[in-house]
Amino acid sequence: MNAEGAIDRGTPVTGPSAPRPSAPVRRPWTRAAALGGLVLLAALAADPAMAAIRIAGAGAGGGDFTLKTQVLVIMTLLGLLPVLVLMMTSFTRFVIVLSLLRQALGLQQGLPNRLVTGIALILTILVMRPIGAQVYEQAMLPYDSDKITLMQALAIAEKPISRFMLAQTGKSALAQIAQLSGETNVAKPEDHSFAVKLAAFTLSELKTAFQIGCMLFIPFLVIDLVVSSVLMAMGMMMLSPLVISLPLKLLLFVLVDGWTLTVNTLVSSVRGVAG
């Protein structure tokens, strides 16, 4: 520090001992963000409509996205990451079933929304781990090593995701969405566009979730009906049936090891995870 109280930053070092400017640092996290969180939506690039946004390179055959375009696409699609988690995995099924189970037990305040969402997220990670491993090994690692381009990585990563979604998708839902989108002349389900497969997968997940939720609701509904009938027969109409039925439902749920049965049902309902 000099006499005027200013901090002396020192004079620049020159000569042979001066540090050389470092080479540009590679940031692989940008590539991981492109494939790890948004490769599902970006798989639409395989469609003919997405080919129009490709940037022509120096060669006559065109090239991959430019750096600015890749950053723009990545930063834009990062905002859609929560939607991708909801719509392209089994998270929708899990969170709906757990919410219906909470309502059937009458534990609207006992099981907070964050807890239900956390359980559904953990189960989603458990179920989707094989799919994520395939995307990482087959698409992420070669792209991070500059062995393939971004478009090739997206095309490779789209295949295991599509196989997973088609394994959960009902034929009626796929046929309905294909008819609505005008893709009725497709020979195999794999040949549908990614948007059609995604919409059909979402409809099938909703249907499966409500089917499982209905099966979970029935035994607790029986308890509510029995308790209400007994209270009415005893003339205790001023007493809320929930006061009596809630302990009975909790007791039944604990005796049958309800959480283990519920988790086992949810995980085993997902087909084709390791395919």
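Residues numbered from 1 in each chain as written. Predicted model: local features only at pLDDT ≥ 70, side-chain atom pairs only at ≥ 80, totals over all residues. Heavy atoms only, no water.

1. Some points on the overall build of the protein
Tallying secondary structure elements over the protein gives eleven helices and zero strands in all. When its helices and strands are written in sequence order, the protein yields α-α-α-α-α-α-α-α-α-α-α. Burial statistics for the protein: of 275 residues in total, 35% are counted as buried. Long-range pairs, those at least 24 residues apart, make up 73% of the contacts in the protein with a sequence separation of at least 6. (Helix = DSSP H or I, 4+ residues; strand = E, 2+ residues; numbered from the N terminus. Buried < 20%, exposed > 50% of the residue type's maximum accessible area, 1.4 Å probe, protein only. Contact = heavy atoms within 4.5 Å.)

2. Side note on the pattern of salt bridges
Opposite charge on two side chains lets them pair, provided their charged atoms get close. Considering all chains together, one arrives at three salt bridges under this definition. When the shortest N-O distance is used, the salt bridge between Arg 93 and Glu 205 registers 2.4 Å. Remark: Glu 205 occurs in helix H9 (residues 194-233) and Arg 93 occurs in helix H5 (residues 91-105); sequence separation between them is 112 residues. Glu 205 sits in the buried class, given a relative accessible area of 1%. Close ionic contact of Glu 158 with Lys 197 constitutes a salt bridge, the shortest N to O distance being 3.1 Å. Of the two residues, Glu 158 is situated in helix H7 (residues 150-168) and Lys 197 in helix H9; the sequence distance between them amounts to 39 residues. Each member of the pair, Glu 158 together with Lys 197, is buried. (Salt bridge = Lys/Arg side-chain N within 4 Å of Asp/Glu carboxyl O.)

3. Some details on the side chain of Arg 102
Tracing the chain through its elements places Arg 102 in helix H5. The side chain of Arg 102 is buried and forms no salt bridge, while Asp 224, the nearest opposite charge, is found at 14 Å. A polar side-chain atom of Arg 102 sits 2.8 Å from a polar atom in the side chain of Asn 113. Apart from the residues lying within four places of it in its own chain, the contact partners of Arg 102 are Leu 107, Gln 108, Leu 111, Pro 112, Asn 113 and Val 116. (Lys, Arg positive; Asp, Glu negative; His and termini not counted. Polar contact = N/O pair within 3.5 Å; in protein donor to acceptor, adjacent residues only side chain to side chain.)

4. Quick look at the nonpolar core
Counting residues in each nonpolar core, the largest one holds 34 residues, and the members touching the most others are Phe 94, Val 95, Ala 120, Ile 161, Phe 164, Met 165 and Leu 266. For this core, the secondary-structure elements that each account for two or more residues are H5, helix H6 (113-144), H7 and H9. Filtering out sequence-adjacent residues up to four positions away, Phe 94 remains in contact with Ala 120, Leu 123, Thr 124, Val 127, Leu 266 and Val 270. (Core = buried A, V, L, I, M, F, W, Y, C linked by side-chain atoms within 4.5 Å.)

5. Remarks on the side chain of Thr 89
Tracing the backbone shows Thr 89 in the loop between helix H4 (81-87) and H5. For Thr 89, a relative accessible area of 10% translates into the label buried.

6. Points about H6
With 32 residues, H6 extends just 38 Å between its outermost C-alpha atoms, more than 12% less than the 46 Å of an ideal straight helix rising 1.5 Å per residue. Along its length, H6 shows its largest kink, about 50°, at Met 128, and proline Pro 130 lies within four residues downstream of that point. Asp 146, located one to two residues past H6, shows a positive phi value of around 60°. (Expected span 1.5 Å × (residues − 1). Bend = angle between axes of the 7 residues up to and from the residue.)

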